[in-house]
Amino acid sequence: MRFDYHTQYRQGFALLPHTSDRVLYGLLIALLLAVPFFASTYLLGELGYVLILCIAAMGLMVLTGFTGQVSLGHASFVAIGAYAHAWLMTQGLPFALSLPLAALISAGAGLVVGIPAIRVSGLYLAMVTLAFSIVVEQVIGLWRGVTGGFMGMLVPNPELLGLSLSSPRAFYYVCLFFTLAVLLALLNLMRSGIGRSFVGVRDSEAAAYALGIPVKRVKVGAFGLSAGVTGLAGALMAHHIGYLTPDAFTLLLSLDLVLMVVIGGMGSLRGAILGAILISLLPRAVAALKALLPDAMARQSGMEIFVAGAVLAFFVLFEPMGLNGRWLKLRALGESFPLYRRDTFRRQKSYMRSERNR
Amino acid sequence: MTALLELDEVELAFGGLVAIGGLSLRVDKGEVLAVIGPNGAGKTSMLNLVTRVFNARRGRIRFKGQDIAQLPRARIAHLGIARTFQNIELFDAATVLDNLLLGRHRFGSGGWWQQVLRTPALTRLEESHRAKAEEVIEFLDLSPWRNARVAGLPYGVRKVVELGRALCAEPELLFLDEPASGLNPEETRDLAFWIEDIRTELGITVVMIEHDMSLVSAVADRVICMAQGKMLAEGTPAEVQGHPDVIAAYLGT
């Protein structure tokens, strides 16, 4: 165990309080920066895609993990971000201006969807967001003038200050930059007043009201923020795909995002990133697995879905705190070895009446 | 004595059921007022009226002369009214410290751009909130639990954390809804000292709903007994305990 000696409160605020953390995260960033110099073009494209999914998962984590609101329609915010960005660029807006605008448009849509969240929660909210994503899919399919309809639309190549960003290496750096920027911004936000009020609304609305938190505004605001971040991921996704069609943003993408958040571990940005990495690499792992299996098994259809379902079931049963929980346990094991006790993380059952006036 | 809170002929009804009928009472600045009464008397409903969980059908509720009966629910805390809940309403997945910091919400936490960028001004603001939270931690002896998650704490400690969260809001008027329920005698004794200190050292007016008459007699200046949505008796703890109507209401004779 490590005990810190602080003489000022701000020492406790540090994101990376220990030298070992700073060294390890520094090495990680150095590795991520160095990847383009030895990785293949294919691998770079895949890594960029993983980074984009990390951003989208962080966006959903703000909503589901921190504010406790379910959304089965986040693929529609990815779609809105992607189409808004592509359309703005075809109108001649530069990449650097169109990207934040696309995020803002998506955030605006999020605010609108957030309004029902004032009244409904849980399963009902899931249904509202699901309905919204179906509506968005249809609108995109039918609004030919802007989106190209079911035929799709070509995404213009990204440029910044006259430099093309369309090469895999340049685009990888763009994705890395935005992932780190979003991560830092959300980390700061979630440990300040806004993040605390999100958590307050999630855990007890009655108490949040009693402390003067405007619960309705917080709920709608969380939707807007989440949709904005997810829309930014969508705008980057547009360049990754290159050619937008409505079927790139179906319910399956929404479910994947929910899986990332749940498997990653609720209420942790690290969890969102770990979940995004796991879920986006799962199909690759299944493909690799197929090569090892007997032919009759490998040719079965639905293998990917089976494995994804099995992984989810495994996590819900054995690690409800998700990948982030597992990470915290491993770190505690390393720090307190050999005095680690498994029960440290076991949650005590408490029996209390829970009448609530929400 | 000036009145801090005044209820004037307040009525609360759920459909045809009148939970509180024509209740008038006043809370003076600097006193400890205890509200007692059998279950279903409308004690917590009265508190929920003041904190705007429920809408009064009739009547006026004045806090420092201002009518608060129509204010939005989230405004109440900003006026300087804090409360605890009968069935603890803590932010379970957060740490004790975060719960206390949430109590500081009404004093602001900086603009969103400052929070995103974590500007030096924001760091100073967070430090001032933290300093206040630490004062409360010291006051209530919570330091062993500072970084523990609320979900894993014993019941008695949670009660204290909830009291601490209310104190972090630096209220003028503090409502305690059955603060001693589920506490052991030792914890109840601690609570009696704290309520005394909250009044004398922090200058906070306390209204508590409580069944434990030993606690009520120990700390309350004045007791109100409610039954079936009405005020039955008012006076010092001894007077109210000896009042024939009160005895009848409790014993059902």
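Up top is the structure.
As a starting point, this report considers the structure included with it. This structure is a prediction, so every number in the text was calculated from the model and none was measured.

Procedures and definitions
Residue numbers here run from 1 along each chain, matching the order of that chain's written sequence. For this description, chains carry letters from A and ligands carry numbers from 1, given in the order in which they are written. Predicted model: local features are reported for residues with pLDDT of at least 70 only, side-chain atom pairs are reported and counted for 80 or more only, and whole-chain, interface and lining totals are derived from all residues. Lines are fitted to the C-alpha atoms to define the axes, a helix being fitted only along its stretch in contact, and any angle between axes, read from their N-to-C directions, falls within 0 to 180 degrees. Secondary structure counts use DSSP, requiring at least four H or I residues in a row for a helix and at least two E residues in a row for a strand, with both numbered from the N terminus. Orientation categories follow fixed angle ranges, with anything under 35 degrees roughly parallel, anything over 145 roughly antiparallel, 65 to 115 roughly perpendicular, and all other angles oblique. The crossing is said to be left-handed when, going from far helix to near helix, the turn is anticlockwise and less than a right angle, and right-handed when the turn is clockwise. Residues are defined as contacting one another if the C-beta atoms placed from their backbone atoms lie within 7 Å. Residues are grouped as follows: nonpolar covers Ala, Val, Leu, Ile, Met, Phe, Trp, Tyr, Cys and Pro; charged covers Asp, Glu, Lys and Arg; every other residue, Gly included, is treated as polar. Strand pairing is defined by DSSP finding a minimum of two bridges between the two strands. Exposed residues have 12 or fewer other C-beta atoms within 10 Å of their own C-beta, buried residues have 20 or more, and residues in between are partly exposed; the C-beta atoms are placed from the backbone.

Before going further, it helps to examine the packing of helix H4 (residues 74-90) of chain A against helix H6 (residues 123-142) of chain A. Residues and elements named next belong to chain A. Interaxial distance between H4 and H6 falls to 8 Å at its minimum, and their mutual angle equals 30°. In terms of orientation, H4 and H6 fall into the roughly parallel class. Relative to H6, H4 is oriented so that their crossing is left-handed. Seen from H4, the contacting residues are Ala75, Ser76, Ala79, Ile80 and Tyr83; seen from H6, they are Phe132, Ser133, Val136 and Ile140. Grouping the amino acids of the contact of H4 with H6 by side-chain chemistry returns seven nonpolar, two polar and no charged.

Residues and elements named next belong to chain B. Read from one edge to the other, the open sheet built from six strands follows the order E6-E7-E8-E3-E9-E10, with strand pairing classed as mixed. Across the chains shown, the open sheet's two edge strands, defined by having one partner strand only, are strand E6 (81-83) and strand E10 (230-235). Each strand of the sheet is rotated relative to its neighbour by a mean of 20°, with strand direction disregarded. Alignment of strand E3 (residues 32-36) against strand E8 (residues 205-209), held across four bridges, turns out to be parallel. Residue Ala34 lies in a different strand from E8, and its bridge partner there is Met208.

Most of helix H3 (residues 96-103) of chain B sits inside the fold, with seven of its eight residues counted as buried. On its buried side, H3 of chain B packs onto helix H9 (193-203) of chain A together with helix H5 (120-139) and helix H6 (155-168) of chain B.

What follows covers the interface of chain B and chain A. Listed as interface residues are 38 residues of chain B and, on the opposing side, 32 residues of chain A. Within the residue set of the side of chain B that touches chain A, elements represented by two or more residues are helix H2 (76-79), H3, helix H4 (112-117) and H5 of chain B. For the side of chain B that touches chain A, the class distribution of residues is 17 nonpolar, eleven polar and ten charged.

Here the focus is unusual backbone geometry. All names here are of chain B. The phi torsion at Glu9 lies on the positive side, around 50°, for a residue other than glycine. By the secondary structure assignment, Glu9 is in strand E1 (residues 3-14). Within the chain, Glu178 stands out as a residue other than glycine whose phi angle is a positive 50°. Counting through the fold element by element, Glu178 comes out in the loop between strand E7 (173-177) and helix H7 (185-200).

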